[in-house]
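An overview of the molecular structure
Okay, here's what each chain looks like letter by letter:
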Amino acid sequence: MKRLLPILLLVVISTSCKSKKSYSSKKRQTYSVKVENSSKKPSKDAESIVKFAKTFNGTRYKYGGTTKKGMDCSGLIYTSFKEHNISLPRSTSGLRSYGDWVDLKEVNVGDLVFFATSKNSRDVNHVGIVTDVRPGNVEFIHASTSRGVMISSLAEKYWYFAFVQARRVL
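One structure accompanies this document, and this report is about it.

So, how was this worked out
- Sequence positions are assigned chain by chain, starting from 1 and proceeding in written order.
- It should be noted that, the model being predicted, local features are given only for residues of pLDDT at least 70 and side-chain atom pairs only at 80 or more, the latter also being counted only at that level, while totals for whole chains, interfaces and linings use all residues.
- Only heavy atoms go into the side-chain values, all of them from the structure, while hydrogens and water stay out.
- Only the stretch in contact is used when a helix axis is fitted, and all axes are lines through C-alpha atoms; the angle between N-to-C directions ranges over 0 to 180 degrees.
- Only DSSP runs of H or I reaching four residues or more are called helices, and only runs of E reaching two or more are called strands; each is numbered from the N terminus.
- We call two directions roughly parallel when the angle between them is under 35 degrees, roughly antiparallel when it is over 145, roughly perpendicular when it lies between 65 and 115, and oblique otherwise.
- For a crossing to be left-handed, the near helix must be turned anticlockwise from the far one by less than a right angle; the clockwise case is right-handed.
- Between two residues, a contact is recorded if the distance between any of their heavy atoms is within 4.5 Å.
- Relative accessibility under 20% of the residue-type maximum defines a buried residue, over 50% an exposed one, and the middle range a partly exposed one, all with a 1.4 Å probe and only protein chains included.
- For this count, His and the chain ends are skipped, Lys and Arg are scored as positive, and Asp and Glu as negative.
- Only one rule defines a salt bridge in this text: a Lys or Arg side-chain nitrogen within 4 Å of an Asp or Glu carboxyl oxygen.
- Contacts described as polar in this section are N or O atom pairs within 3.5 Å, which, within protein, must combine one atom able to donate a hydrogen with one able to accept it, while residues neighboring in sequence count only if both atoms come from side chains.
- To define a nonpolar core, start from buried Ala, Val, Leu, Ile, Met, Phe, Trp, Tyr and Cys residues and group those joined through side-chain atoms within 4.5 Å.
- One bridge is not enough; two strands pair if DSSP finds at least two bridges between them.
- In this description, the arc belongs to the directions extending from the helix axis to the C-beta atoms.

**Quick look at the packing of helix 2 (residues 44-54) against helix 3 (residues 73-82)**
- For the pair helix 2 and helix 3, the least separation of the axes is 9 Å and the interaxial angle reads 125 degrees. Taken together, the axes of helix 2 and helix 3 are oblique relative to one another. Here helix 2 runs over helix 3; the crossing is right-handed. Within the contact between the two elements, helix 2 uses I49, F52 and A53 and helix 3 uses L76, T79, S80 and F81.

Right, here's the structure in full:
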């Protein structure tokens, strides 16, 4: 009995320390984006450009496209600004150095946001227009290759880590 007691005690201790099975949540992980000037009112031009860009929401992706039949990310920018008599470069590579660099904390509606979405590369290859700025969140409209023109958030993990820079063209 004295030999059995230590073994029994050891078994009880080892089974009570067993870790619990962890379950992963299917909820999307989000990140807080630091925004300082969320109370700054966007210009009328910026609001008008964003409103026009939103008319393309749901349009399918088409490389080189600039119409409701299909459009790519830089085509959305080009078409939305052109509608308001503002001439911008047609390509993402042309846009990435156009206008003034803006710190993410200072972005406003109508600013352009640039991303590097290629694996293992920080080269800019995607662009969107900021549609809404709130504390902890920046939303933008863009043309996704998989889902077409849509509104996304910088608080989403994918876009948070793909973000490279913001530029002001207005």
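**Considerations on the side chain of R167**
- Tracing the backbone through its elements, the reader meets R167 in strand 8 (residues 163-168).
- It is D100 that comes nearest to the buried, bridge-free R167 among opposite-charge side chains, at 5.9 Å.
- A distance of 3.4 Å separates a polar atom in the side chain of R167 from the backbone oxygen of R96.
- Apart from residues lying up to four places away in sequence, R167 is in contact with L95, R96, S97, Y98, G99, D100, W101, V102, D111, L112 and F114.

**Considerations on the nonpolar core**
- Core analysis: the largest hydrophobic core is formed by 23 residues, its most contacted members being I77, F81, L112 and I129.
- Setting aside residues up to four positions removed in sequence, I77 forms contacts with L88, L95, L112, V127, G128 and I129.
- Counting 15 residues, the second largest nonpolar core, distinct from the first, contains V113, L154, F163 and A166.

**A look at the pairing of strand 7 (residues 148-153)**
- Of all six residues in strand 7, five are buried, a share of seventy percent or more.
- The pairing of strand 6 (residues 137-144) with strand 7 spans six bridges and is classified as antiparallel. Across the sheet, residue E139 finds its bridge partner in strand 7, namely S153.

**Quick notes on the environment of R90**
- Structurally, the position occupied by R90 is in the loop between helix 3 and helix 4 (92-95).
- Beyond its immediate chain neighbours, meaning those up to four positions away, R90 contacts G64, G65, T66, D72, S74, G75 and Y78.
- A polar contact is formed between the side chain of R90 and the side chain of D72, at a distance of 3.2 Å.

**Thoughts on the sheet that holds strand 6**
- If you walk across this open sheet you meet the six strands as 3-8-4-5-6-7, and the pairing is antiparallel. The two strands at the open ends of the sheet, each matched to only one other strand, are strand 3 (100-102) and strand 7. Each neighbouring strand pair of the sheet contributes to a mean axis angle of 35 degrees, computed without reference to strand direction.
- Here strand 3 runs beside strand 8; their pairing, made up of three bridges, is antiparallel. In the strand pairing of strand 8, V102 is matched with A166.
- The strands touched by helix 3 within the sheet are strand 4 (112-115), strand 5 (126-134), strand 6 and strand 7, with strand 5 carrying the most contacts at an inclination of about 60 degrees.

**Considering helix 2**
- For helix 2, the complete set of buried residues consists of A46, I49, V50 and A53. Each buried residue of helix 2 lies within a common arc of 95 degrees when the element is viewed along its axis, so the set occupies one face. Residues K44 and K51 are exposed on helix 2 and point more than 90 degrees away from its buried face.
- In this structure, the buried side of helix 2 is in contact with helix 3, strand 5 and strand 6.

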